Structures are given as structure tokens and as C-alpha cells.
Amino acid sequence: MPGKNGETLLKEKVNYGEGYPLTGKKPLEDFLFTLKVSYSSVLTRTSIFATAGNIGNYFLAAAQGFFRSLPSAIFLFSSITNSQANILPVIVTNHTVTIAAELEDGEHLVGQCEISHPMVSPEPAIPQPSDDDAPAPDGIGEYVSPKQNVMFESIGKDKYEPLPSRISRLYYINGYGMEIHPSPNPDFLANIASRDILVYSCGSLWTSIIPCLAMKGVALSIAKSPSIRAKVLLLNGENDRETEGYTAADYIRAIVQTLNNNNHSTPVYGLGGANTTYPTSAFITDLVYLKGTKVPVDVKQITLMGVRCREFDGGSRFDAATVAHAMGEVWAGAS
């Protein structure tokens with residue numbers, strides 16, 4: 001067992017590394033060594049990872065560092081776990097890409113943890129570059145997240161301090177705090193445009209769903225897809241720090257606004273003063289929610305937005321059987 005802050009594990013890593021340089025002649029052993037180094041280095045940064053870390057994330061991080069390719073890392077993980085899912089990264093880059101949120105009161109928050117479940121830290125949110133710093137050629141740059149963005153306590157996520165004001169938009173930044181616009185993975189866009197049903201799944205709205213949408217080309221792929229017959233939002237069972245006070249209509253507006261704001265194509269529809277390019281129904285056609293949801297659902301208001309409301313039996317969380325039943329109902333209505 002590792003000692004405090006992982007000293008024992010780090011010592012084992014050093015001993016192992018001294019007698020085993022990465023030669024490339026034994027790729028499996030090389031990868032396992034990389035995985036061990038990744039896990040060890042994380043443990044030495046903070047003891048929180050020893051109790052709240054996710055071994056799957058460690059594995060993917062080590063594999064991505066070893067192959068220098070996130071798709072290759074996902075392929076390896078899927079092969080080992082015998083996953084039948086077709087998993088595609090939204091962004092493919094070897095640089096660190098960081099999300100940030102602008103609040104309605106003008107404040108900016110950097111990183112998923114700072115937005116969703118921050119920890120008290122005296123460190124500034126955005127690092128200040130020195131005069132000697134030079135931006136990376138592609139404008140993304142290398143960014144080392146502030147400590148509060150990697151120190152996650154799962155026991156505290158359900159108990160949160162509300163944001164000072166609502167989030168107005170989410171965007172990406174480079175290592176110098178400058179806003180950037182990374183290009184989405186072409187395979188990701190192609191798969192969106194070729195599916196029968198698009199599902200915005202449950203999860204943190206602004207740090208899980210919106211980052212996949214806040215890029216050029218995503219709105220066009222969804223709105224112009226010749227094959228998608230239904231675009232479904234699975235409504236969360238309750239709000240969290242990111243969505244405190246939200247109604248179901250607020251979830252819909254956040255998704256539609258993000259897609260339209262990041263769509264740079266020529267406007268096709270005019271909505272009389274609304275800050276949109278496409279109507280709501282171009283991105284969301286069905287709202288699926290459980291009877292036990294704690295998020296207010298105004299069926300009349302949402303119907304006027306062009307979205308069908310579908311309520312199903314259940315508590316505050318979806319299970320696989322309920323989702324399968326809901327998708328069957330949605331597909332039957334769309335066919």
C-alpha cells in the first residue's frame with residue numbers, strides 16, 4: 001500500500017524505471033510503465049486522488065500520453081473492457097484544452113471543478129504569463145490547470161454553494177487565458193449527421209453537455225442532418241450548482257443558445273429579435289422526463305417552443321429500461 005501522498009508507490013516507480021528504460025521493444029511493458037508513472041505522479045500531487053480518483057481516467061490519461069493519440073487510447077480501453085459502444089472524442093489534440101464559463105454578472109470561472117464543484121484555494125483562476133512566454137503555433141498552448149481544477153471531492157458534489165449568478169456562456173481558453181475556438185473532431189461531426197436519434201443525455205449541463213456543442217460546425221451538423229428524426233433531451237432529475245433554479249425550459253434555451261451562438265453559417269431563419277439562427281426544434285424535438293423529477297416542467301410553454309413533452313414513470317434518475325422504453329416511444333412517434 002502506498003504511504004502518505006504515495007511515497008511508497010513513487011519509490012517503486014523509480015526503482016522500476018531505473019532498470020527499465022522505454023525502448024519501444026516491448027510495447028505492452030512500456031505502456032504499463034507509463035500507466036504506473038501517471039498514477040504515481042498524480043498521487044504525489046494530492047492525497048485526494050487516493051480516495052476519489054477514477055482508475056478509468058488514469059488509464060486513459062496514461063494511454064493518451066503513451067500513444068500521443070486520444071482515439072488510440074479510447075480504442076485500447078474499449079478493447080480491454082470489451083465495450084461495444086462507438087466512442088468518439090469531441091476534440092482531438094495533444095494540447096490541454098480548458099473550458100471556462102462567463103457568468104451573467106461578468107465573472108469568469110476556469111475549469112470544470114471551478115465551475116461545478118470548486119474547492120477553496122488561494123490560487124488565481126487564470127495564470128499570468130511572463131514576458132518570456134510564447135504562444136504555441138496552433139494558438140492552443142499548454143495549460144496546467146489550477147490545483148482546484150484537479151482536486152475533486154465526490155462527497156461534496158451534492159452539497160454546493162450556488163453560483164453568484166447564472167452562466168451566460170461556456171467557451172474554451174488556452175494557457176494564457178485567451179479565448180480559442182478549437183475545431184471539433186471530423187468523425188464526431190460525421191457521426192452526428194448520420195444517426196437516426198440524437199440524445200442529449202443526463203449529466204452536468206454546462207460542464208458535460210455544453211462543451212460538446214460549443215464549437216463551430218456542431219449546430220450545422222445537427223440542424224441539417226438528413227437522417228436524424230428525433231433530437232431528445234433527457235432531463236436531469238434535479239438541479240445542481242450549474243443549474244440552480246433552472247426549469248426544463250431553461251435547459252432547452254441553454255442548449256439552443258449555445259448551438260446558435262457558435263454557428264457561423266449564414267442565417268436561415270429569422271425569429272423576430274431572438275438571438276438565434278435556427279429555431280428550437282432544429283436542435284431539440286422531444287423532452288423526456290420522469291414523474292419524479294424535481295426540475296419544473298411547464299408543458300404548455302415547452303410545447304409552444306416546438307418541443308414535444310414525454311413523461312415516464314420513475315423516480316429522480318433514469319435507468320436503462322426506462323431510457324430504452326422512452327426511446328422506443330420517441331422513435332414510434334417520429335416514424
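Residues numbered from 1 in each chain as written. Predicted model: local features only at pLDDT ≥ 70, side-chain atom pairs only at ≥ 80, totals over all residues. Heavy atoms only, no water.

Asker: Is there a simple way to think about helix α5 (residues 70-81) in this case?
Answerer: Within an α-helix, residues lying three or four positions from one another point in the same direction, as the helix has 3.6 residues per turn. Compared with an ideal rise of 1.5 Å per residue, which puts 12 residues at 16 Å, α5 spans 16 Å between its outermost C-alpha atoms and is within 8% of the ideal. Along α5, the residues classified as buried are Ala 73, Ile 74 and Ser 78. Buried residues of α5 fall within an arc of 130 degrees about the axis and therefore sit on the same side. Facing away from the buried surface of α5 by more than 90 degrees, the exposed residues are Phe 75 and Ile 80. In this fold, the buried residues of α5 make contact with α4 (55-67). Just past α5, the residue Asn 82 takes up positive phi, approximately 60 degrees. (Helix = DSSP H or I, 4+ residues; strand = E, 2+ residues; numbered from the N terminus. Expected span 1.5 Å × (residues − 1). Buried < 20%, exposed > 50% of the residue type's maximum accessible area, 1.4 Å probe, protein only. Arc of directions from axis to C-beta. Contact = heavy atoms within 4.5 Å.)

Asker: How should I be thinking about the sheet that holds strand β8 (residues 308-312) in this particular structure?
Answerer: Backbone-to-backbone hydrogen bonds pair the strands of a sheet. The strands run either parallel or antiparallel. Strand order in the open sheet made by the four strands is β5-β6-β7-β8, with parallel pairing throughout. Edge positions in the open sheet fall to β5 (197-200) and β8, since each of these has one partner strand only. On average, adjacent strands in this sheet sit at an angle of 25 degrees to one another, irrespective of strand direction. Pairing analysis gives four bridges linking β5 to strand β6 (residues 230-234), with the strands arranged parallel. Bridge pairing links Ile 197 to Ala 230 in β6. Those strands touched by helix α10 (residues 248-261) are β5, β6 and β7 (286-290), and its axis lies near 130 degrees from that of β6. (Pairing = 2+ DSSP bridges. Axes fitted to C-alpha atoms, helices over the stretch in contact; angles between N-to-C directions.)

Asker: Just checking my understanding: could you explain the pattern of salt bridges for this structure?
Answerer: Close approach of charged atoms allows side chains with opposite charge to pair. Under the definition given, this model contains eight salt bridges. A salt bridge links Arg 169 to Glu 102; the shortest N-O distance between them is 2.7 Å. With Arg 169 in strand β3 (residues 167-173) and Glu 102 in strand β1 (residues 98-103), the pair connects residues that are 67 residues apart, well separated along the chain. Of the residues examined, Arg 169 reaches a relative accessible area of 29% and is grouped as partly exposed. (Salt bridge = Lys/Arg side-chain N within 4 Å of Asp/Glu carboxyl O.)

Asker: Please clarify how the packing of aromatic side chains should be interpreted in this entry.
Answerer: Centre distance and the angle of the planes are the two values used to describe a pair of aromatic rings. Taken as a whole and assessed by the stated rule, the structure comprises four aromatic pairs. Pairing Phe 66 with Phe 67 gives two aromatic rings, centres 5.0 Å apart and planes at 80 degrees, and the pair type is edge-to-face. When the centroid spacing of 5.7 Å and the interplanar angle of 85 degrees are considered together, the rings of Tyr 246 and Tyr 251 count as edge-to-face. The buried category is assigned to Tyr 246, whose relative accessible area is 4%. Geometry around Tyr 171 places Arg 169 over its ring, the cationic atom sitting 4.4 Å from the centre. (Phe/Tyr/Trp six-rings, centres within 6.5 Å; stacked < 30°, edge-to-face > 60°. Lys NZ or Arg CZ within 6 Å of the ring centre and 35° of its normal.)

Asker: For this particular structure, what's the right way to read the nonpolar core?
Answerer: Counting residues in hydrophobic clusters, the biggest one holds 50 residues, and the most contacted among them are Tyr 200, Leu 213, Val 218, Ile 222, Ile 255, Leu 259 and Phe 283. Residues Val 232, Leu 234, Ala 326 and Val 330 belong to the second largest nonpolar core, which totals 10 residues. (Core = buried A, V, L, I, M, F, W, Y, C linked by side-chain atoms within 4.5 Å.)

Asker: I would appreciate a short explanation of the pairing of β6 in the present structure.
Answerer: Sheet faces and side chains relate simply in a regular strand, where the side chains alternate between the two faces. Burial runs high along β6: five of the five residues are buried. Neither face of β6 is exposed, since Ala 230, Val 232 and Leu 234 on one face and Lys 231 and Leu 233 on the opposite face are all buried. Of the strand pairs in this sheet, β6 and β7 are connected by three bridges, and their pairing is parallel. Within the sheet, the bridge partner assigned to Leu 234 lies in β7 and is Val 288.

Asker: What is the right way to read the packing of α4 against α5 from this model?
Answerer: Helix packing geometry: the angle between the two helix axes and the distance between the axes. It is the contact of α4 with α5, at a shortest axis distance of 8 Å, that shows an interaxial angle of 130 degrees. Judged on the interaxial angle alone, α5 and α4 are oblique. Relative to α5, the crossing made by α4 is right-handed. Here Gly 56, Phe 59, Leu 60, Ala 63, Gln 64 and Phe 67 of α4 come into contact with α5, specifically with Leu 70, Ser 72, Ala 73, Ile 74, Leu 76, Phe 77 and Ile 80. Of the residues belonging to the contact of α4 with α5, the class tally is 10 nonpolar, three polar and no charged. (Parallel < 35°, antiparallel > 145°, perpendicular 65-115°, else oblique. Left-handed = near helix turned anticlockwise from the far one by under 90°. Nonpolar A, V, L, I, M, F, W, Y, C, P; charged D, E, K, R; others polar.)

Asker: How do you make sense of the environment of Leu 290 when you look at a structure like this?
Answerer: Looking at the secondary structure, you find Leu 290 in strand β7. Among the residues examined, Leu 290 registers a relative accessible area of 3% and is labelled buried. Between the C-alpha atom of Leu 290 and that of Arg 310, which follows or precedes it by 20 residues, the distance is 8.5 Å. Leaving out residues up to four positions away in the same chain, Leu 290 has contacts with Phe 312, Asp 313, Gly 314, Gly 315, Ser 316, Arg 317, Phe 318 and Thr 322.

Asker: It is not clear to me how helix α7 (residues 186-193) should be interpreted in this structure. Could you clarify?
Answerer: When we look at burial in α7, the residues that qualify are Phe 188, Leu 189, Asn 191 and Ile 192. End-on view of α7: buried residues confined to an arc of 165 degrees, all on one side of the axis. Its buried side turned inward, α7 meets α9 (218-223). Where α7 begins, one side-chain oxygen reaches toward the backbone nitrogen of Asp 187, 3.1 Å away; that side chain belongs to Asn 185. (Polar contact = N/O pair within 3.5 Å; in protein donor to acceptor, adjacent residues only side chain to side chain.)

Asker: I'm lost on the sheet that holds β1 in this one. Help?
Answerer: Ordered by their spatial adjacency, four strands build an open sheet running β2-β1-β3-β4, and the pairing between neighbours is antiparallel. With partners counted over all chains shown, the strands left at the sheet margins are β2 (108-110) and β4 (179-180), one partner each.

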